[in-house]
Amino acid sequence: MSSRDLILGRVRRALTDVRDDVRDDSRHGDVAYSYGSAVERGYLREHGDRTTDQTVDLLAENLADYRAIVHRTQAGRLPDLLGRLLAERGARSVLVPPALPPGWLPADGPDRVEDLAAHTAGELDAVDSVVTGCAVAVAETGTIVLDGGPDQGRRRITLVPDHHICVVRVPDQVVASVPLALERLDPARPLTWISGPSATSDIELDRVEGVHGPRRLEVVLVSGV
């Protein structure tokens with residue numbers, strides 16, 4: 001018996017108590033799944049009644065609570081702001097996704113490094129900063145979600161460099177809650193959920209940042225894009 005047969009056999013056994021009326025026609029080989037069935041959800045889709053501005057303010061507050069550094073700007077001032085943030089970091093190189101809007105970065109900024117499949121982890125680690133967009137931002141949890149879109153690039157480019165600047169278009173990319181965010185996301189895409197810079201702590205609760213991703217996360221909330 002192959003590994004595939006073993007896994008599919010386990011799936012069959014796990015589905016033996018699933019009623020036929022909650023299954024759909026999705027199949028993988030001879031195994032049916034219930035991905036498309038409707039699930040009754042009784043929880044709140046968002047907490048409280050906020051205006052758009054209040055939702056964006058809540059996002060900024062929760063991002064800061066997770067130790068992300070939050071900036072706000074207008075579209076026309078974005079290149080100057082990003083240039084200043086990179087200069088303050090002392091960045092000599094910046095990694096850019098394949099379709100980062102060309103007007104976001106200043107022309108006289110750090111050397112731009114194109115994301116290439118051939119890059120090793122060591123080469124990515126040598127890059128000083130990375131600038132990306134995002135798929136959606138969740139106000140109630142202070143979470144930025146990346147889905148590997150053209151202005152975000154592959155997951156690894158936001159996990160290896162030590163400094164990540166993420167640009168969020170407001171209010172279009174800001175939602176109040178996780179359920180509202182999930183409606184905008186494709187579960188088949190590589191989703192990365194980021195709540196502040198990467199951090200962990202040992203048994204004595206000593207916090208260490210930069211273990212599983214960037215040590216420094218800066219989020220730019222840009223209006224008028």
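As shown above, the structure is provided for reference.
Please read these numbers as outputs of a predicted model, since none were measured by experiment.

A. Examining the overall build of the protein more closely. In terms of helices and strands, the protein carries five helices and 14 strands. Look at the contacts in the protein between residues 6 or more apart in sequence, and 68% of them connect residues 24 or more apart. Working note: accessible area of the protein is about 12,900 Å², and carbon and sulfur atoms make up 50% of it.

B. Seen up close, the state of the cysteines. What the rule picks out here adds up to zero disulfides. Distance from the sulfur of Cys 134, which forms no disulfide, to the nearest cysteine sulfur (Cys 166) is 4.7 Å. Cys 134 sits in the buried class, given a relative accessible area of 2%.

C. Examining the side chain of Thr 73 more closely. Residue position: Thr 73 is located in strand S3 (residues 69-74). Setting aside its immediate chain neighbours within four residues, Thr 73 contacts Leu 78, Leu 81, Val 220, Leu 221, Val 222 and Ser 223.

D. Geometry of the pattern of salt bridges. Summed over the entire model, instances satisfying the criterion amount to eleven salt bridges. Between Arg 84 and Glu 88 there is a salt bridge; the shortest N-O distance is 3.0 Å. Taken as a pair, Arg 84 and Glu 88 lie in helix H3 (residues 78-89) at a separation of four residues, close to a single helical turn. In this structure Arg 84 comes out as partly exposed when scored by relative accessible area, which is 40%.

E. Highlighting the nonpolar core. Ranked by size, the top nonpolar core spans 19 residues in total, and within it Leu 59, Ile 144, Val 168, Val 219 and Leu 221 carry the most contacts. The dominant element in this core, judged by the number of residues it contributes, is helix H2 (residues 52-65), at five residues. Setting aside its immediate chain neighbours within four residues, Ile 144 contacts Leu 63, Cys 134, Val 136, Ala 137, Cys 166, Val 168, Thr 192, Trp 193, Ile 194 and Val 219. Counting 16 residues, the second-largest nonpolar core is a separate cluster that includes Leu 81, Leu 82, Val 167 and Val 222.

F. Local environment of the sheet that holds strand S8 (residues 143-146). If you walk across this open sheet you meet the four strands as S10-S7-S8-S11, and the pairing is mixed. With partners counted over all chains shown, the strands left at the sheet margins are strand S10 (174-175) and strand S11 (192-194), one partner each. Two strands pair when backbone bridges link them, and strand S7 (residues 136-138) and S8 are joined in this way by three bridges, in the antiparallel orientation. Within S8, the residue paired with Ala 137 across the bridge is Ile 144.

G. View of unusual backbone geometry. Here the bond from Val 170 into Pro 171 is cis, since omega is 5°, no more than 30 degrees from zero. Tracing the backbone shows Pro 171 in the loop between strand S9 (163-170) and S10. Despite not being glycine, Arg 67 has its phi angle at roughly 75°, a positive value. Here Arg 67 shows up in the loop between H2 and S3.

What counts and how
- Residue numbers here run from 1 along each chain, matching the order of that chain's written sequence.
- With the structure being a predicted model, the display of local features is reserved for residues of pLDDT at least 70 and the display and counting of side-chain atom pairs for 80 or more, all residues being used for whole-chain, interface and lining totals.
- In computing side-chain properties, one takes all heavy atoms of the structure into account and sets aside hydrogens as well as water.
- Numbered from the N terminus, helices here are DSSP runs of H or I no shorter than four residues, and strands are runs of E no shorter than two.
- Two residues form a contact once any of their heavy atoms are found within 4.5 Å.
- Residue exposure ignores everything except the shown protein chains as possible cover, and the areas themselves are Shrake-Rupley values with a 1.4 Å probe.
- Cysteine sulfur atoms are paired as a disulfide whenever they come within 2.5 Å of each other.
- Only protein chains enter the accessibility calculation, which uses a 1.4 Å probe; a residue whose area is less than 20% of its type maximum is buried, one above 50% is exposed, and one in between is partly exposed.
- Counted as salt bridges are all cases of a side-chain nitrogen of Lys or Arg within 4 Å of a carboxyl oxygen of Asp or Glu.
- Residues belong to a common nonpolar core when they are buried Ala, Val, Leu, Ile, Met, Phe, Trp, Tyr or Cys residues joined through side-chain atoms within 4.5 Å.
- Any two strands with at least two DSSP-identified bridges between them are counted as paired.

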